[in-house]
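# Results of the structural survey
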Amino acid sequence: IVFYFFFFFQAEDGIRDFCLSRGLGDVYKRQGYTEADGTKPKDYSREKFIVNDPKRYFFNRKIRWTNLGFQYDWNNRFYPNVKTSVPDNMRQLAMEVISLLDLGSYVPESVIINFYDKKNHMTGHLDDGEKDQISPIISFSVGLSCVFLMGENTKDVKPLAIRLDSGDVFIMSKHARTCYHGVPRVIEDSLDAEPFENYLKEKYQDEEHAKLKELGDRSADEETELPKNNEYNAVNYLKENRLNFNFRQVEVSNDGA
């Protein structure tokens, strides 16, 4: 199954907080927030992480996650009664996969989006914050490839390493729904951007396509203090980063599904 996304979050749009980079180390023996070299996080300086280059994209690289729908409290590992809307086109993606694989009833109530650059990692963890621990997690990968580790429900079992490429859909259902998993590595220069670039060429005439790459004078958004990204910027972002969209049902449905 291959899906191509041209969905791109503006920097800090809908962000509740930033999540510091996670170092993996021994993925099933250590968890927590660390820098890549294992040291504790340094003080956050926004200017250090801003990319403000029209030839690349506009983004705050310190942002590691955001979510739509039910908002997840990362510090206390639960969902407070606070939520935003999940766009219909995103919700439909999860529903199409569920229908295609005949995985039963499903309501994508929350979408957690992880932002990885080539140096980022995700520690081994359980997705146990949802009251519903039965409905599957539907995970879409976009941008750079990664090594995904799929473990068991104990850290003592050696995990299976799986490569996830852009466009891959990974389903965690039944037993896998309650197992440890993590991302020890993002693979640099692994995206074949030609399909994305061809899409833009087909969507726009040559002259219009050229205008996407023009520097121009773009006014900054009041909230993010950065110009808005166009589709050309989005492709550039995907060449350097990985996006992971995780759909999940939070509340237990009345029928027990």
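Data block above holds the structure.
Residues numbered from 1 in each chain as written. Predicted model: local features only at pLDDT ≥ 70, side-chain atom pairs only at ≥ 80, totals over all residues. Heavy atoms only, no water.

Glancing now at the nonpolar core. In this structure, Val111, Phe148, Leu243, Phe245 and Phe247 are the most contacted members of the largest nonpolar core, which totals 42 residues. Once you skip the residues sitting within four places of it in the chain, Val111 turns out to touch Thr66, Asn67, Leu68, Val86, Met90, Phe245, Asn246 and Phe247. Residues Trp65, Phe70, Tyr72 and Ile112 belong to the second largest nonpolar core, which totals seven residues. (Core = buried A, V, L, I, M, F, W, Y, C linked by side-chain atoms within 4.5 Å. Buried < 20%, exposed > 50% of the residue type's maximum accessible area, 1.4 Å probe, protein only. Contact = heavy atoms within 4.5 Å.)

Here we come to the sheet that holds strand E11 (residues 241-248). The strand order across the open sheet built from five strands is E3-E4-E11-E6-E9, with neighbouring strands paired in antiparallel fashion. Where the open sheet ends on each side, the last strands, each with one partner, are strand E3 (65-69) and strand E9 (169-172). Geometrically, the sheet is characterised by an average inter-axis angle of 20° between neighbouring strands, direction not taken into account. With eight bridges joining them, strand E4 (residues 110-117) and E11 adopt antiparallel strand pairing. Its bridge partner lying in E11, Asn114 is registered against Asn244. The sheet contacts of helix H2 (residues 88-101) involve E3, E4, strand E6 (137-143), E9 and E11, and relative to E6 the element is tilted by about 120°. (Pairing = 2+ DSSP bridges. Helix = DSSP H or I, 4+ residues; strand = E, 2+ residues; numbered from the N terminus. Axes fitted to C-alpha atoms, helices over the stretch in contact; angles between N-to-C directions.)

For the rest of this paragraph, the subject is the sheet that holds strand E7 (residues 145-150). Across the sheet, which stays open at both edges, the four strands sit in the order E5-E10-E7-E8 with antiparallel pairing between neighbours. The open sheet is flanked by strand E5 (122-125) and strand E8 (160-164), the only strands paired with a single partner. In this sheet, neighbouring strand axes are inclined to one another by 25° on average, regardless of whether the strands run parallel or antiparallel. Examined bridge by bridge, E5 and strand E10 (residues 181-187) share two bridges and lie antiparallel to one another. Note that in E10 the partner of Met122 across the bridge is Val183.

A few words on the environment of Tyr237. Within the element layout of this structure, Tyr237 appears in helix H5 (residues 231-240). Accessibility expressed as a relative area gives 2% for Tyr237, which makes it buried. Taking the C-alpha atoms as reference points, Tyr237 and Gly143, separated by 94 residues in sequence, lie 8.0 Å from one another.

The next thing to look at is unusual backbone geometry. Positive phi, close to 55°, is recorded for Asp102, a residue that is not glycine. Topologically, Asp102 is positioned in the loop between H2 and E4. Taking relative accessible area as the criterion, Asp102 reaches 67% and is therefore assigned exposed. A positive phi angle is found at Lys174, which is not glycine, with a value near 50°. Looking at the secondary structure, you find Lys174 in the loop between E9 and E10.

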